[in-house]
Amino acid sequence: MDVFYISMLLILFPFLTVAAVPPSIGINYGRIANNLPSAAKAVKLLKSQGLERVKVYDSDTAVLNALSGSGIKVTVNLPNGLLYSAARRPSFAYSWVQKNVAAYHPSTAIEAIAVGNEVFADTYNTTRFLIPAMYNIHQALMRYNFHDVIKVTSPIALSALQNSYPSSAGSFRPDLVGPVFKPMLDFLRKTGSSLMVNVYPFFAYESNADVIPLDYALFRENPGVVDAGNGLRYFSLFDAQIDAVFAAMSALKYDDVPVIVSETGWPSKGDSNEIGAGIENAASYNGNLVRRVLSGGGTPLRPHANLTVYLFALFNENKKPGPTSERNFGLFYPNEKKVYDIPLTGDGLKEYRDTAPPVTGGEQRMATANGETWCVAKAEAGKERLQSGLDYACGEGGADCHPIQPGSTCFDPNTIEAHASFAFNSYYQKKGRAIGTCFFGGAGLIVTQQPKYGKCEFPVGNQS
């Protein structure tokens, strides 16, 4: 039956175009707590903050009624526990849409249905039901003629990627490509929908604080990190994580499917071992994120694609299981007071300043967990300085520049930045990665990701 549904996806839907959308900030309204304000008060709070989008984790009657007439666009959720029924019985999917969507729309401005949430991480093994469930929910929307205004998608976690570091090497887990991602992305393309992705730089930083600079994780001023695989420079871990998803999609030839960040946030409190959790960092992350999104533009890999991002979350939720951080992602306490003060709209940004001090200049040398670092060229240094550094490294410096000669493995891409990066790194490794050996008149930059250009892998270790 699953094969039948997947096959039907490929022939029933006409190709739809996706109109360009302005950048947007929404918020997740979770309710795993016993001390939250009423739904009516929550909606009033949303409106007072100028928020125009909200995502919920079910289709609660009180919440959807409270949102009626508010003008706030809503994403509802069909929980993981209902995937089996929605996949196996089209009648169940139709009944669910009837009771949880058609009964409220358009007074409640439902714009999307999230079918499941992070299904691939679900311990109940519901992955095989996801695609047919999405198909049946879409078919039910077609019966109501809602399919043009209400889109069907499913939020994924970054754990669905086999590789996410560096961004250019982004790829989906091989076991999910054929049975899930190809049919899912085909469905999203043909129905004009977007892939939803939950992105949490906090968790990456918490686990790798010895490698990832805090300023890079919090959108603060920093020298950036060069992804040698595509030559792009990243100034935030958030952008790098999203581009890993874009790279994975591109590898499957789905460059045209938009991405929505369905969850992202930073906890204001954590356990003693939850490195980085705290009010100041949470305020910096979310405040700088709002500014980054509403300023317009996309990621280095998709620079012209504006972002829609849902912050996690509206309230602290005191009944969520797990470490302390899980109960402290909210922007508001249950009494509706702000955990910290950040703007959520373009007007509010006019007076916003992140109070954290900027990083100082000078060479930044960071050790990875195993002590490995590489030296690459700064594109903004300019061709003259890059050429001067390249000449020195390959000449007096004694770097091994044979691999970047015509016909050799690292000749392509044939750019001054790529060649200078290889030569700089060869010199840097030959000198034992000593301080000052990646300067090159300010044209060099130390990175903690192993650079790679095409088939060319940059070596590490003392070069003879």
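Calculation notes
Residues numbered from 1 in each chain as written. Predicted model: local features only at pLDDT ≥ 70, side-chain atom pairs only at ≥ 80, totals over all residues. Heavy atoms only, no water. Helix = DSSP H or I, 4+ residues; strand = E, 2+ residues; numbered from the N terminus. Rg over C-alpha atoms; globule rule 2.2 N^0.38 Å. Buried < 20%, exposed > 50% of the residue type's maximum accessible area, 1.4 Å probe, protein only. Contact = heavy atoms within 4.5 Å. Areas by Shrake-Rupley, 256 points an atom, 1.4 Å probe, with all protein chains shown as cover. Lys, Arg positive; Asp, Glu negative; His and termini not counted. Charge placed at Lys NZ, Arg CZ, Asp CG, Glu CD. Pairing = 2+ DSSP bridges. Right-handed = clockwise from strand over helix to strand, strands pointing away. pLDDT = per-residue confidence, 0-100. Disulfide = S-S within 2.5 Å.

**Student:** What exactly am I supposed to notice about the overall build of the protein chain here?
**Tutor:** Scanning the protein chain from N- to C-terminus turns up 14 helices and 17 strands. Compactness check: the protein chain gives a C-alpha radius of gyration of 24 Å against a globular reference of 23 Å for 464 residues, within 12% of the reference. Principal-axis analysis of the C-alpha atoms places the extent of the protein chain at approximately 75 × 50 × 35 Å. Evaluated residue by residue, the protein chain yields a buried proportion of 55% over its 464 residues. Across the protein chain, contacts joining residues at least 24 apart in sequence account for 74% of those joining residues at least 6 apart. Surface summary for the protein chain: the accessible area is close to 19,700 Å², and the carbon and sulfur share equals 52%. For the protein chain, the distance from the average position of its 40 positive side-chain charges to the average position of its 40 negative side-chain charges is 6 Å.

**Student:** Would you take a moment to explain the pairing of strand β4 (residues 110-115) for this structure?
**Tutor:** Remark: a regular strand shows side chains that alternate across the two faces of the sheet. Within β4, 6 of the 6 residues are buried, which leaves the element mostly enclosed by the surrounding structure. Pairing geometry for strand β3 (residues 73-78) and β4, over 5 bridges, is parallel. Note that in β4 the partner of T75 across the bridge is A112. Sheet topology places β4 next to strand β5 (residues 151-153); 3 bridges connect them, and they run parallel. Bridge pairing in β5 places I113 opposite V152. The handedness of the β4 to β5 crossover, carried by helix α6 (residues 130-143), is right-handed.

**Student:** What's the story with the confidence of the model for the protein chain in this structure? I'm lost.
**Tutor:** Low pLDDT means the predicted coordinates in that region are not meant to be read closely. Taken residue by residue, the protein chain gives an average pLDDT of 89. The fraction at 70 or more is 91%. Note on residues 1-19: pLDDT is under 50 here. Beyond four places in sequence and across chains, it has 41 contacts. Note on residues 357-370: pLDDT under 50 across the span, and 30 contacts to partners over four residues away in sequence or across chains.

**Student:** What's the story with the sheet that holds strand β13 (residues 308-311) in this structure? I'm lost.
**Tutor:** Sheet strands line up and pair through hydrogen bonds in the backbone, either parallel or antiparallel. Strand order in the open sheet formed by 9 strands is β5-β4-β3-β2-β1-β13-β12-β9-β6, and the pairing between neighbours is parallel. The strands lining the two open edges of the sheet, one partner per strand, are β5 and β6 (156-157).

**Student:** When you look at unusual backbone geometry in this model, what are you seeing that I'm missing?
**Tutor:** In this structure, P166 follows Y165 across a cis peptide bond, with omega equal to 0°. Each neighbour pair has its own omega, and for D412 with P413 the value is 0°, a cis peptide bond. Residue position: P413 is located in the loop between α13 (383-394) and α14 (416-430). With a phi close to 45°, E118 is a non-glycine residue in the positive phi region. If you trace the backbone, E118 turns up in the loop between β4 and α6. Looking at E118, the relative accessible area reads 25%, which means it is partly exposed. Of note, N125 is a non-glycine position whose phi angle comes to about 55°, a positive value. For N125, the location among the structural elements is in the loop between β4 and α6.

**Student:** How should the state of the cysteines be read in this particular structure?
**Tutor:** Counted according to the given criterion, the structure contains 3 disulfides. Disulfide partner of C375: C438, at an S-S distance of 2.0 Å. Given an S-S torsion of about 85°, the disulfide between C375 and C438 has right-handed geometry. Here C438 lies in the loop between α14 and β15 (444-447) and C375 lies in strand β14 (residues 374-377), a separation of 63 residues in the sequence.

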